[in-house]
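The lines below spell out each chain.
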Amino acid sequence: MSMEMTSTVPISSPFLTDISSMSLFWILNWKLQRLVAMINYRIFDGIDNTTNEIAELCGEILPDPVFTSGSDSFIEFTSDASVTRTGFKAVITSALNVPQTDCDNIYTDESETVTSPNYPDDYGINEDCGNTIQAPAGRVIRLTFQTFHLESTSATCTYDSVNIYEGDSTSSPLLAGPFCGSTIPPPVTSTGNVMYVYFESDGSVQESGFLATFEFL
């Protein structure tokens, strides 16, 4: 699922004022790219709360974006009768269904694979390619490289490289890498339910790149 044509819509908890003893529901019928919020809600990957739960969030730390696998998402907000807070504000980004590319994808299905651009043919020069993998809430991701052939350099992989991040971007903590050359890297397991696979190449040698599978544990 590629995200080239987008629109956004905001949602929030009631009035962004102090709230207590309340349960609210949103049914959102967009192809969601990401959702960012602050506290106290559960997100389901479907039309109601009997579908797969992909996030349960609370507290005051801004969480990573949450991605759905399709065009429906059910968001449930609940508070008890004691402590009150100002709530949350979220932005939903929707996208038209355009052809999938090798980059900027959001993978939520274990049958999918993550590859370098143009795989199994050679990747291009000056590639800048990232993909997000998201597991259901409470599960982690194990990424396994099946093939791996990048330009070989020193241990710092200064030319072409793959890095794995614990989150949804290169600003997230580095989990593993850099990897380069033709030795298949060991499997990489996340500590949370989101992983970002980032590949970049320089302006000279091109190789066939990589193919990786993933599973949710």
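An unreviewed UniProt entry annotates the chain as Bone morphogenetic protein 1-like originating from Holothuria leucospilota.

Novice: It is not clear to me how the environment of Gly177 should be interpreted in this structure. Could you clarify?
Specialist: Within the element layout of this structure, Gly177 appears in strand E13 (residues 174-179). Since its relative accessible area comes to 29%, Gly177 is described here as partly exposed. For the pair Gly177 and Thr156, spaced 21 residues apart in the sequence, the C-alpha separation amounts to 9.1 Å. Apart from residues lying up to four places away in sequence, Gly177 is in contact with Val162 and Asn163.

Novice: When you look at the nonpolar core in this model, what are you seeing that I'm missing?
Specialist: Note on soluble globular proteins: their nonpolar side chains tend to be buried together. If you look at the biggest cluster of nonpolar residues, it comprises 24 residues, and the most contacted ones within it are Ile133, Leu143, Phe145, Val162, Ile164, Val197 and Phe210. In this structure, Ile133 is in contact with Tyr107, Val114, Ile141, Leu143, Asn193, Val194, Met195, Val197, Phe214 and Phe216, ignoring residues within four places of it in sequence. Core analysis: the second largest hydrophobic core is formed by 8 residues, Ile43, Ile54, Val66 and Phe77 among them.

Novice: I tried to follow the pattern of salt bridges on my own but got confused; where do I start?
Specialist: For side chains bearing opposite charge, pairing can occur when the charged atoms are close. One pass over the full model with this rule turns up 1 salt bridge. The salt bridge partner of Glu215 is Arg142, with a shortest N-O separation of 2.7 Å. Highlighted residues: Glu215 in strand E16 (residues 209-216) and Arg142 in strand E11 (residues 141-149), separated in sequence by 73 residues. By relative accessible area, which is 31% here, Arg142 ends up partly exposed.

The rules we used
Residue numbers restart at each chain and count upward from 1, following the sequence in its written direction. Local features in a predicted model are, by the rule used here, given only for residues with pLDDT of at least 70; side-chain atom pairs are given and counted only at 80 or more, and totals for whole chains, interfaces and linings are based on all residues. With hydrogens and water stripped out, all remaining heavy atoms of the structure feed into the side-chain values. Put simply, DSSP H or I for four residues or longer makes a helix, DSSP E for two residues or longer makes a strand, and each gets a number counted from the N terminus. For each residue, the accessible area found with a 1.4 Å probe, counting protein chains only, is set against the maximum for its type, and the residue is called buried under 20%, exposed over 50%, and partly exposed in between. Contact definition: two residues touch when any of their heavy atoms are within 4.5 Å. Working definition of a nonpolar core: buried Ala, Val, Leu, Ile, Met, Phe, Trp, Tyr and Cys residues. They are joined through side-chain atoms within 4.5 Å. We define a salt bridge as a contact between a side-chain nitrogen of Lys or Arg and a carboxyl oxygen of Asp or Glu at a distance within 4 Å.

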